[in-house]
Amino acid sequence: LVREREREREASDRRTTTHQRSIHERHTLMPDGDSKKQFHKCVPVDWLWMPRPVRLCVGWLTIVLFTMCFYILPGSLLLSCVLVFQLGVLGSLWYVLPLWAVLFALSRLGRRERPFFRKFGQIWYEIFDFSCNLSTEQLVSLANQAYPNTNQSMIIAMHPHGIIPIHAWLWAAFCDQYMHNVYGFGAVASVVMYMPIIRTLCVWLTCVPASYAHLKRGLEGDCPPATLAGRKPGNLYILAGGIAEVFTSTPGRDIIVYRGRRGLCRLALEKKAKIIPIYVFGGTGFFHNLLTGENVVSRVFRKMKLGVTMFWGQCLLPIPLPAKVSMAIGDPVEIPEGEGEEAVGELHLRYLDAMERLFEETKVGAGYPEAKLEIR
């Protein structure tokens, strides 16, 4: 009887060990093919219960719906103009006013973050063959250098912006999964906070307008979506190129716009925050872009801080191209001593140098050996 109980205990221990190993493997970044390669595939842990074909179907359906949300505002403007032209100003009021009342109500939904929503981006991992250049152990080491593990905040500065930054949603899922305790808050263009549905999704992901005042308060722990949820974020995620990079986004080209932008470096210097450079290979490969370059229309929209352009994906529809997305995370940029514009300029140069070096060192492992970076 004693030997039988010992055998049962040993079998139970083996089952427990196997279960723990399974959990560990699911949370560990998987090597992308050859173990000598730099990049590691990301595993959609919270969606593994779903068969892969079903995951892919749900992923494509949701990403198309997400993309179509960006058509709501311009589509409503176009519809309103048509109604006014057809029915006159007074005759169209019966249709235009209810339409915009509904859109306004939709743009006001959501006031606090929803942590469960961060996991949703995992279902897009396999669609874009999403991978990262850091292993699980390296990510833990990086997280240990940031708030709340230390008193120093972290600014995650990512390029390129792209037309619709699908990789920003991938980052939210990735950070929540692999560096959960350093998940902070994000920055979006002010116009996004007036877009129906998109604003709600951004608030759920803990985003605020990308003004200097909002970002400064966020690094100090005052971020409304997180505060209402009882959380004090201390780290910032931002697409540093902003709206300017919307008009340089096109498949096959790697362009970042940052030579004349020093606000983020000024903020980092003021708050003594580490800047983590990130380049996303494939971030410009989701859609074709009509308004690229320095044409008059793109200049007008940039002045108005509106990332409005004509774009299309597969079959000339708002279906993203299945670009291979590889995220390269660099080492923290050293904050120079001193204050004032001279120190800001020095940090700005260090940041651009770090981004260029990161690009060159990781492009082969990312699967883009012929890529060339252009900095404007």
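As a starting point, this report considers the structure included with it. Predicted model only: the values in this text are computed from it and were never measured.

Conventions adopted
- Residues numbered from 1 in each chain as written.
- Predicted model: local features only at pLDDT ≥ 70, side-chain atom pairs only at ≥ 80, totals over all residues.
- Heavy atoms only, no water.
- Axes fitted to C-alpha atoms, helices over the stretch in contact; angles between N-to-C directions.
- Helix = DSSP H or I, 4+ residues; strand = E, 2+ residues; numbered from the N terminus.
- Parallel < 35°, antiparallel > 145°, perpendicular 65-115°, else oblique.
- Left-handed = near helix turned anticlockwise from the far one by under 90°.
- Contact = heavy atoms within 4.5 Å.
- Nonpolar A, V, L, I, M, F, W, Y, C, P; charged D, E, K, R; others polar.
- Phe/Tyr/Trp six-rings, centres within 6.5 Å; stacked < 30°, edge-to-face > 60°.
- Buried < 20%, exposed > 50% of the residue type's maximum accessible area, 1.4 Å probe, protein only.
- Expected span 1.5 Å × (residues − 1).
- Salt bridge = Lys/Arg side-chain N within 4 Å of Asp/Glu carboxyl O.
- Polar contact = N/O pair within 3.5 Å; in protein donor to acceptor, adjacent residues only side chain to side chain.
- Core = buried A, V, L, I, M, F, W, Y, C linked by side-chain atoms within 4.5 Å.

Another aspect to go through is the packing of helix α10 (residues 263-271) against helix α12 (residues 340-362). Two quantities define a packed helix pair, namely the angle between the axes and the distance from one axis to the other. Two elements in contact, α10 and α12, have axes separated by 9 Å at closest approach and are oriented at 115°. Taken together, the axes of α10 and α12 lie roughly perpendicular to each other. In this structure, α10 crosses over α12, and the sense of that crossing is right-handed. Taken together, the residues of α12 that come into contact with α10 (itself represented by Cys265, Arg266, Ala268 and Leu269) are Gly340, Glu341, Ala343, Val344, Leu347 and His348. Of the residues assigned to the contact of α10 with α12, the class counts are six nonpolar, two polar and two charged.

Here we come to the packing of aromatic side chains. Applying the stated criterion to the full structure yields 22 aromatic pairs. Aromatic pair Trp47 and Phe120: ring centres 5.8 Å apart, planes at 85°, arrangement edge-to-face. Here Trp47, found in the loop between β2 (40-41) and α2 (52-68), pairs with Phe120, found in the loop between α4 (115-118) and β3 (131-132); they are 73 residues apart in sequence, far enough to count as distant. According to the relative accessible area criterion, Trp47 is buried, its value standing at 15%.

Here the focus is helix α6 (residues 166-178). If you check α6, its first and last C-alpha atoms are 18 Å apart, about what 13 residues at 1.5 Å a residue would give, namely 18 Å. With 13 of its 13 residues buried, α6 lies for the most part within the structure.

Here we take up the pattern of salt bridges. Summed over the entire model, instances satisfying the criterion amount to 17 salt bridges. Salt-bridge contacts for Glu341 lead to Arg266; the nearest nitrogen and oxygen are separated by 3.1 Å. One end of the pair, Glu341, is in helix α12; the other, Arg266, is in helix α10, with 75 residues separating them in the sequence. Given a relative accessible area of 30%, Arg266 falls into the partly exposed group. Of the charged contacts in the structure, one is a salt bridge between Arg350 and Glu346, with a shortest N-O distance of 3.0 Å. Taken together, the residues span about one helical turn, with Arg350 and Glu346 both in helix α12 at a distance of four residues. Assessed through its relative accessible area of 35%, Glu346 is described here as partly exposed. It is possible to trace a salt-bridge network through shared partners that takes in Glu113, Arg118, Lys119, Asp176 and Arg231.

With that settled, the discussion passes to the packing of helix α8 (residues 212-219) against α10. At their nearest, the axes of α8 and α10 sit 11 Å apart, and the two run at 30° to each other. Comparing the axis directions of α8 and α10 gives the class roughly parallel. Judged by the sense of rotation from one axis to the other, the crossing of α8 with α10 is right-handed. Here Tyr212, Leu215, Lys216 and Leu219 of α8 lie close against α10, whose contacting residues are Gly263, Arg266, Leu267, Glu270 and Lys271.

To continue, consider the side chain of Asn235. Within the element layout of this structure, Asn235 appears in the loop between α9 (224-227) and β7 (236-239). Given a relative accessible area of 2%, Asn235 falls into the buried group. From its side chain, Asn235 meets the backbone oxygen of Tyr147 in a polar contact 2.7 Å long. Of note is the side chain of Asn235, whose polar atom sits 3.0 Å from the backbone oxygen of Val182. Setting aside anything within four residues of it in sequence, one finds Asn235 in contact with Ala146, Tyr147, Gln152, Ser153, Met154, Val182, Gly184, Phe185 and Leu219.

Let's shift gears to the nonpolar core. Counting 63 residues, the largest nonpolar core has Trp124, Trp171, Phe174, Met327 and Ile329 as the members making the most contacts within it. Where this core is concerned, the elements lending two or more residues are α2, α5 (136-143), β4 (154-159), α6, α7 (198-204), β7, β9 (274-281) and β12 (326-329). Per-element accounting of this core gives the leading share, ten residues, to α6. Beyond its immediate sequence surroundings of up to four residues, Met327 is in contact with Phe39, Phe130, Ser131, Cys132, Asn133, Met158, Trp171, Phe174, Ile278, Tyr279 and Val280. Ranked by size, the runner-up nonpolar core spans 40 residues in total, among them Cys223, Leu236, Ala268 and Ile275.

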